[in-house]
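Letter by letter, the chains look like this.
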Amino acid sequence: MFFVLKSNAIIAQDSLNRVNTAIKINPTLFFRGELPVYLEQKITGNLSLEVAYIWTKRDVFSGTFDHDLDDLSGLSEVETGNGFKGALRWYLRKSQELDGPYISAEYSKKELKKYFFQMDTLGLVTNERILDRRNFEEYKLLFGMQRLGYYSNFFFDFYGGIGYKIKDFEEVHQEPLRETQPSHFIIINNEERISFYAGFKIGLGF
């Protein structure tokens with residue numbers, strides 16, 4: 001009897017509005033130079049639509065996975081890029097809110113840009129710049145769990161999955177001999193491959 005009364009008391013305290021819309025950020029992408037802001041909207045039943053606008057800056061892991069001359073020195077100058085994401089999300093259990101396990105089909109596209117300054121034959125930096133441009137296009141199938149707080153509309157969204165990544169790079173490379181001019185040049189690098197994804201989002205619902 002005690003447990004029944006306690007359970008009823010907890011239910012009576014839940015006066016929060018039903019969450020059909022959510023705004024999120026993804027901290028796991030910050031260090032990759034990606035700053036997306038997500039908006040998820042419940043459409044009908046178990047289906048929702050999630051979209052995001054992306055600002056891109058410096059990827060602190062540049063050079064770890066792909067060729068990159070960026071060593072955080074004054075030789076490079078990062079430009080703000082942009083992109084977008086769009087996903088259809090199907091929640092696996094019936095809920096009146098954006099809560100529970102889900103499957104998501106996502107498409108995303110983004111561009112990262114930075115300039116490298118050319119050097120003269122003495123190794124001194126000049127005012128002439130060359131653009132390093134990197135375009136990414138991704139198709140993903142993600143599985144996740146979004147957990148909405150009982151006493152607040154704050155939530156966590158954990159996900160993982162597999163995808164197909166298309167890279168279209170105009171990479172800046174440096175001439176090994178200082179007397180060779182110009183000191184930097186472009187190499188086209190196109191690649192397609194299977195990729196794996198994992199991370200989490202945090203946000204507020206209303």
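Rules of the game
Residues numbered from 1 in each chain as written. Predicted model: local features only at pLDDT ≥ 70, side-chain atom pairs only at ≥ 80, totals over all residues. Heavy atoms only, no water. Helix = DSSP H or I, 4+ residues; strand = E, 2+ residues; numbered from the N terminus. Rg over C-alpha atoms; globule rule 2.2 N^0.38 Å. Buried < 20%, exposed > 50% of the residue type's maximum accessible area, 1.4 Å probe, protein only. Areas by Shrake-Rupley, 256 points an atom, 1.4 Å probe, with all protein chains shown as cover. Lys, Arg positive; Asp, Glu negative; His and termini not counted. Charge placed at Lys NZ, Arg CZ, Asp CG, Glu CD. Salt bridge = Lys/Arg side-chain N within 4 Å of Asp/Glu carboxyl O. Phe/Tyr/Trp six-rings, centres within 6.5 Å; stacked < 30°, edge-to-face > 60°.

(A) The overall build of the protein chain, seen in detail. Check the secondary structure of the protein chain and you find 1 helix and 9 strands. In the protein chain, the order of α-helices and β-strands from amino to carboxyl end is α-β-β-β-β-β-β-β-β-β. Taken against the 2.2 N^0.38 rule, which gives 17 Å for 206 residues, the C-alpha radius of gyration of the protein chain at 23 Å runs more than 25% over that of a compact globule. The C-alpha extent of the protein chain, read off along each of the three principal axes, is 85 × 30 × 25 Å. Taken across its 206 residues, the protein chain has 38% of its residues classed as buried. Counting every atom, the protein chain has about 11,800 Å² of accessible surface; 62% of that belongs to carbon and sulfur. Separation of charge centres in the protein chain, based on 25 positive and 28 negative side chains, amounts to 10 Å.

(B) Structural view of the pattern of salt bridges. Counted according to the given criterion, the structure contains 25 salt bridges. Ionic pairing is found between Glu 50 and Lys 24, a salt bridge with its closest N-O pair at 2.7 Å. Here Glu 50, found in strand E3 (residues 47–56), pairs with Lys 24, found in strand E1 (residues 21–25); they are 26 residues apart in sequence, far enough to count as distant. Between Arg 58 and Asp 70 there is a salt bridge whose closest N-O contact spans 2.8 Å. Of this pair, Arg 58 sits in the loop between E3 and strand E4 (76–79) while Asp 70 sits in the loop between E3 and E4, and the two are 12 residues apart along the sequence. The class for Arg 58 is partly exposed, based on a relative accessible area of 27%. Under the relative-accessibility criterion, Asp 70 is labelled buried at 8%. One network of salt bridges, with partners in common, ties together Glu 34, Lys 85, Glu 106, Lys 110, Glu 138, Lys 140 and Lys 165.

(C) Seen up close, the packing of aromatic side chains. With the rule as written, the count across this model stands at 8 aromatic pairs. Geometrically, the ring pair formed by Phe 84 and Tyr 107 is tilted, given 6.0 Å between the ring centres and 50° between the ring planes. On the criterion of sequence distance, the pair formed by Phe 84 in strand E5 (residues 81–91) and Tyr 107 in strand E6 (residues 100–119) is long-range, its members being 23 residues apart. Phe 84 sits in the partly exposed class, given a relative accessible area of 42%. Centre to centre, the rings of Phe 156 and Phe 158 are 5.9 Å apart; their planes meet at 15°, and the pair counts as stacked.

The analysis is restricted to geometry; functional conclusions fall outside its scope.
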